[in-house]
Amino acid sequence: MTIEKQIKRALVSVYHKDGLDATIKKLHSEGVMFISTGGTMTYIESLGIPCRAVEDLTGYPSILGGRVKTLHPKIFGGILNRRDNTTDQEQALHYDIPEIDLVIVDLYPFEDTVASGADEAGVIEKIDIGGISLIRAAAKNFKDVVIIASKAQYAPFMQILEEKGAQTTLEERRWFAKEAFAVSSAYDSSIFGYFDEEARSAFRLAVNHPMKLRYGENPHQDGIFYGRFDDLFDRLHGKEISYNNLLDIDAAVSLIDEFDEVTFAVLKHNNACGIASRPTVLEAWHDALAGDPVSAYGGIFVANSLIDNNVAEEINRIFFEVIIAPDYTIEALEVLKQKKNRIILLRKKSMLQARQYRSLLNGVLVQDRDLSIQTVAGLEPMTEKTPDERETADLLFAGKVVKHSKSNAITLVKNRQLCASGVGQTSRVDALKQAIEKAVSFGFDLKGAVMASDAFFPFPDCVEIADKAGITAVIQPGGSVKDDLSTAYCNAHGMSMVKTGIRHFKH
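Everything numeric here is computed off the predicted structure, so don't read it as measured data.

Student: How should the sheet that holds strand 21 (residues 450–453) be read in this particular structure?
Tutor: Pairing between sheet strands relies on hydrogen bonds along the backbone, with the strands arranged either parallel or antiparallel. With mixed pairing, the 6 strands of this open sheet are ordered in space as 18-23-22-21-19-20. Bordering the open sheet on either side are strand 18 (380–381) and strand 20 (418–422), each of which pairs with just one other strand. Pairing analysis gives 4 bridges linking strand 19 (residues 410–413) to strand 20, with the strands arranged antiparallel. Residue pairing across strands places Thr411 opposite Ser421, the latter belonging to strand 20.

Student: What is the right way to look at helix 17 (residues 428–441) in this model?
Tutor: Every α-helix carries 3.6 residues per turn, so stepping three or four residues along brings you back to the same face. In this model, helix 17 (14 residues) spans 20 Å end to end at C-alpha, consistent with the 20 Å of a helix rising 1.5 Å per residue. Of the residues making up helix 17, those classed as buried are Arg428, Val429, Ala431, Leu432, Ala435, Ile436 and Ala439. Across the axial projection of helix 17, the buried residues extend over an arc of 160 degrees, all falling on one side. Turned more than 90 degrees from where helix 17 packs its buried face, Glu437 and Ser441 sit exposed. On its buried face, helix 17 sits against strand 19, strand 20, strand 21 and helix 18 (461–468). Where helix 17 begins, the capping side chain belongs to Ser427, and its oxygen is found 3.1 Å from the backbone nitrogen of Val429. Just beyond helix 17, the residue with positive phi is Gly443, at close to 85 degrees.

Student: Just checking my understanding: could you explain the packing of aromatic side chains for this structure?
Tutor: Aromatic rings in a pair are described by how distant their centres are and how their planes are angled relative to each other. Evaluation of the coordinates by the stated rule reveals 15 aromatic pairs. Each ring, one from Trp175 and one from Phe176, has its centre 5.0 Å from the other, and the planes form 75 degrees; the classification is edge-to-face. Trp175 gets classed as partly exposed once you look at its relative accessible area, which sits at 36%. The buried category is assigned to Phe176, whose relative accessible area is 2%. Plain terms: the ring middles of Phe264 and Phe301 are 5.9 Å apart, the flat faces sit at 65 degrees to each other, and that makes the pair edge-to-face. Separated by 37 residues along the polypeptide, Phe264 in strand 11 (residues 263–268) and Phe301 in strand 13 (residues 299–303) bring together distant segments of the chain. Relative accessible area serves as the criterion here: at 0%, Phe301 is assigned to the buried category.

Rules used in this analysis
- Residues numbered from 1 in each chain as written.
- Predicted model: local features only at pLDDT ≥ 70, side-chain atom pairs only at ≥ 80, totals over all residues.
- Heavy atoms only, no water.
- Pairing = 2+ DSSP bridges.
- Helix = DSSP H or I, 4+ residues; strand = E, 2+ residues; numbered from the N terminus.
- Expected span 1.5 Å × (residues − 1).
- Buried < 20%, exposed > 50% of the residue type's maximum accessible area, 1.4 Å probe, protein only.
- Arc of directions from axis to C-beta.
- Contact = heavy atoms within 4.5 Å.
- Polar contact = N/O pair within 3.5 Å; in protein donor to acceptor, adjacent residues only side chain to side chain.
- Phe/Tyr/Trp six-rings, centres within 6.5 Å; stacked < 30°, edge-to-face > 60°.

Below, the structure is given as structure tokens:
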């Protein structure tokens, strides 16, 4: 049988008071007495509820500019004393320490203060000492004490109060303790990150808001996403998002963010199988689909412009999993929602993390996100012939796509349209052959097309194969000890080649 423990006395110390009125009033109606200090005490009294000052209990005022208020044996003794421990009870009686059964804390907003650009003195003052200590003490003694460590716990606690009054079970208190340690550990991780800056002396990353997925990469694997997905997207329609959907969504928005002009892309397994930039979304869609109409089936669609009814009618002709766009017309949504499981995402803002993480072996890999963007100014000619204006635009386009393709990767582009790509190959030659074969199979004329490679050419075989397929211009990082062999072949056969000095491996 579960034994309920009554709440008789509560210590409240909160930075933000919003959302707490109903809880305080309900506790008061249940006969709970309050202890507090400073602004929180004033707030409780403003509700017409009596509140004992911490200073009256401890015999000490708030000192050191408010840095020391609750750090006192009469406060922490009241929280930490074990009700079933005779010695604890004798000492509490001897030192006149009242039992505290509930602690409600809302910590100083350290992360918000850092994000505001405050100077270091201002940031340091927002490192909560008393609050975090109260949280840890109450959570440690969950057998006897309830800890409400953030506004996120107000609602579940209020539900308990409404259902059975001011009493909780051990299981409930243990749950609140778990949530409290999540709050304290995340808070400390943020502080460590601030002091560690770029030293990266240890890996600390605290991410809340778990989103349970149907399964992981495969049905026999569990999967959870941690993060505020809703900060980036509104899910307007469709089934729950899967693990593989999330991988594709990340790949899709990372790719589309490279383009300022109207662009539509089709992705499959994190790689672009079709992408085009055109004056209108409808034209971009048609030419993106032409890149690989077979792989587009079941793919992820992404655009950087409004989806209207005409576009919706066209893309609705084939099956796809997800569509992402910055806006949709009402008529377009009516068309796209005809498939009940189709996921329709409205992108709210671009806020991709500056760092990437991957767990492997017995540790974690951390790296900066590849944010380099090639421009005309960054292209260094390697050959006697230089690319013309149209070829240059295509080279930059191809370079953006290959950057977001799995290595080894080759992309073939003509008139700002992906003709084909070869991705994930163990040989760069195989990647090129795959791309040429696909382009030809879908009816593309590669005469005048350009080629992009995610890494340098160790031998001249790739430029030779490309030349024989009709390709006239090449973009690559350069840096091979045998660059001169590829350059010599291009010079001998009238090809232009530029290097960027930046490799784009992606594994």
